[in-house]
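Structure at a glance
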Amino acid sequence: MKKSSSKSQYALRSSLLGALLLSAVSAIAADTLAARQEIGSADNLIRLLANQHANPTPALLRSSEGSNSKTKHLETDITDFHFKDGMLSVSGKARGSANSSFYLKGSAKNLHGYLIKHDEKKAYEYSTDAKGIVSVTEVAISKVIPDLDERWLKATTVNNLAGAIHPVYSTMALRQARHIGPYNNEDVTKLESKPGSPWVFYLNHSAVMSGSTPLNGVTKENMYRAWQIVADQYSMYNINITTNPTVYNTAKSANILRTGVINFVNQDGRSNAPLSAFGTTSAGTLYRNPSSGFDYGYGIGMTAAHEVGHQMGMNHDHGGTGGEYFEGIAAYQWGPIMGNYWMGANWAASRWTWSKGEYNTATNFEDDLRIMNVNESIPYVADDNPSGKALVLDGAGNIDPLSNFGQIEKTGDTDAFTFTVTGNGKLDLKVDPIEYFGMLDVDAKIYNAAGTLVSSSNKSVNRSAEFIGLNLGAGDYRLVIAGGAEGTPQNGFSNYSSLGYYAMKGTLVGSTPPADVMLSSGVGLANQSAATGTWKYYAIDVPAGKTSVVFSLNGANGDADLYSQLSVKPTTAAYKCKSDGATSVETCTVNAPVPGRYYIGVYAYAAFSALTVKATIN
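Throughout what follows, the structure given in this document is the object of discussion. Just so you know, these numbers come straight off a predicted model, no measurement behind them.

The next thing to look at is the layout of surface pockets. Taken as a whole, the largest pocket encloses approximately 1100 Å³ of empty space. As for the largest pocket, its lining consists of 45 residues, of which Gln176, Ala177, Arg178, Tyr603 and Tyr605 are closest to the centre. Counting only elements with at least two residues in the lining of the largest pocket, the list comes to helix H7 (220-233), strand E19 (405-408), strand E31 (559-566) and strand E34 (596-606). Of the residues that constitute the lining of the largest pocket, the class distribution is 22 nonpolar, 12 polar and 11 charged. Those elements giving two or more residues to the lining of the second largest pocket turn out to be strand E3 (76-84), strand E4 (87-94), strand E5 (100-107), strand E13 (259-268) and strand E14 (284-288). The residue inventory of the lining of the second largest pocket, partitioned by class, reads 10 nonpolar, 13 polar and five charged.

See below:
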């Protein structure tokens, strides 16, 4: 038996149910809504699918076509088949119906999927009981394609779209990660949020592009922001949100169960996505929205984040006057992204997050974060600050957002930054969430060496934290950043989904910057390590009259990027030389160097260990 394949050479013109009924006990119900038909064991179904995929012989096809008339409506053509390590993914269409989809995934203990017939507005659910028997039940199509529910039209209007207040980029959003910061002429057909991750979600916008140019007057910036919003909403997971088909096809060939796809289409309509279709090639659909008074990037981005949520397995968050689509809590400018995100379109500080139904009128208590992490097996990103790190200060006490940032990855995560005040100190500091359509509400606290809380900030309906002219006596301090909450979980929001990237900017007068880690010319400093998204800094003093100074990294894992700058610590935007390839082996040279102290910045694009850092003066 062939164990895996991402694509059949041709559609298997076969009746799945017909073949199963050759060994099934019987069809036990008539073809009516909610009628249940047992079609055999999951083991047998997987074997039959594998045999049909590996050897679609005419005899087998002929025997299938004599299937019972009661199952004729369930006949399918299989286009994609994948079976590896006991896990199955199958996709296709209803026989004779182009406007349909069929997908099935899971193991012999738990196969689940749907057959959807859009033209007939019918859907059928495949499920497995405790004995491993697969059954098919007709269900309302709105259960499988939630946004085909007529109540969605009543809950959204063009007026909502026209009055939308678009998010404003924080001035601290400076590409601390690939999806952070304004558009900067990137190729919008090759965007990736987490290159190299085996988990990939593909935003297929080829139908609304002519090469690298968007159609219909849509700008490249709008296409970038549509991608960016989805990357923001899923940034806590190690999944690469991409517009690059090569990246998607490579990941799909390796393991289709770690991939998903949603298609942009060049026409107006009602965007929708099939429930729990991640791990198959069954795709969601993103239509254009009304062009008048509508920002394509913002609107399509929010809609994409919502629809991808359905493909991950999330249903709508209900409640309030919105009924099917909870409209959020205006007093706190918060709502669930799986509710009616348009109702808060005029909120200047809106936060649309994942939910587990904590608000008063909730009727859906699904744990969205668990669904993605456990049900779909998408891992969280690694903690970028598991045990604390020093606050990075320059000689004048400046706190720069390119050197001082982080990510709250999980519910309850905290990031600590330590600093020392030598005399009478004064802190002016702002901490911003830096994702364009992020979920983080920043909570910041400062503790002294005894663990006593000195000051805290969580600005109401603002999302930032700020300390202004905070006087600090001599001593050691710890700044702790966490996901904030406002009101109560019942009337407000908890820190459940207060997740995402932040950065900080300010000054600390009377501080003692950490001592520079000095290098000796030609002598490597071994066994250096850093977590993803963090910096390590080193320094070397270069005398006058030298011809060059060569900086180098040598490591066998991760992705360490090399930057150097004179007098101050380098950033990704300010440096004398840099080397930022895809490995941890990097070299860059400054010729005819001006005498002074050169700082080497090593940025962990991906976590590294056992790295050797060296500077050689010639």
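Now for the state of the cysteines. The full count for this structure, using the stated rule, is one disulfide. There is a disulfide in this structure between Cys577 and Cys588, and the S-S distance comes to 2.1 Å. In this structure the cystine formed by Cys577 and Cys588 twists about its S-S bond by roughly 45°; its chirality is therefore right-handed. Separated by 11 residues along the polypeptide, Cys577 in strand E32 (residues 577-579) and Cys588 in strand E33 (residues 586-591) bring together distant segments of the chain.

Let's shift gears to helix H10 (residues 368-375). Along H10, the positions that sit buried rather than exposed are Asp368, Leu369, Ile371 and Met372. Seen from one end, H10 has its buried residues packed into an arc of 165°, which puts them on one side.

Let us now look at the packing of aromatic side chains. Applying the stated criterion across every chain yields a total of 23 aromatic pairs. Both rings, one in Phe102 and one in Tyr126, keep their centres 5.4 Å apart while their planes meet at 65°; by these two values the pair is edge-to-face. Taken as a pair, Phe102 in strand E5 and Tyr126 in strand E7 (residues 122-128) lie far apart in primary sequence, 24 residues in all. Classification of Tyr126 as buried rests on a relative accessible area of 0%. Three or more aromatic residues joined by ring pairs form one cluster here, namely Trp535, Tyr537, Tyr563, Tyr575 and Tyr603. Over the aromatic face of Trp199 sits the side chain of Arg258, whose NZ or CZ is 4.2 Å from the ring centroid. Sitting over the face of the ring of Tyr537, Lys569 holds its NZ or CZ atom 5.1 Å from the ring centroid.

Next up on the list: the pattern of salt bridges. Across all of its chains, the model carries 15 salt bridges by this definition. Arg95 serves as the salt-bridge partner of Asp77, at 3.4 Å between the closest nitrogen and oxygen. Placement of the pair is Asp77 in strand E3 and Arg95 in the loop between E4 and E5, with a sequence separation of 18 residues. Take Arg95: its relative accessible area is 22%, and that puts it in the partly exposed class. A salt bridge links Glu486 to Arg463, with the shortest nitrogen-to-oxygen separation between them at 3.1 Å. Taken as a pair, Glu486 in strand E25 (residues 486-487) and Arg463 in the loop between strand E22 (453-457) and strand E23 (465-472) lie far apart in primary sequence, 23 residues in all. Both residues of the pair, Glu486 and Arg463, count as buried. Salt bridges sharing common partners tie together Glu75, Asp77 and Arg95.

The rules behind these values
Residues numbered from 1 in each chain as written. Predicted model: local features only at pLDDT ≥ 70, side-chain atom pairs only at ≥ 80, totals over all residues. Heavy atoms only, no water. 1 Å grid on protein atoms, 1.4 Å probe; cavity = no way out; pocket = protein on both sides within 12 Å on 5 of 7 lines; lining within 4 Å. Points joined across faces, edges and corners; volume = space filled by probe spheres on them. Helix = DSSP H or I, 4+ residues; strand = E, 2+ residues; numbered from the N terminus. Nonpolar A, V, L, I, M, F, W, Y, C, P; charged D, E, K, R; others polar. Disulfide = S-S within 2.5 Å. Buried < 20%, exposed > 50% of the residue type's maximum accessible area, 1.4 Å probe, protein only. Arc of directions from axis to C-beta. Phe/Tyr/Trp six-rings, centres within 6.5 Å; stacked < 30°, edge-to-face > 60°. Lys NZ or Arg CZ within 6 Å of the ring centre and 35° of its normal. Salt bridge = Lys/Arg side-chain N within 4 Å of Asp/Glu carboxyl O.

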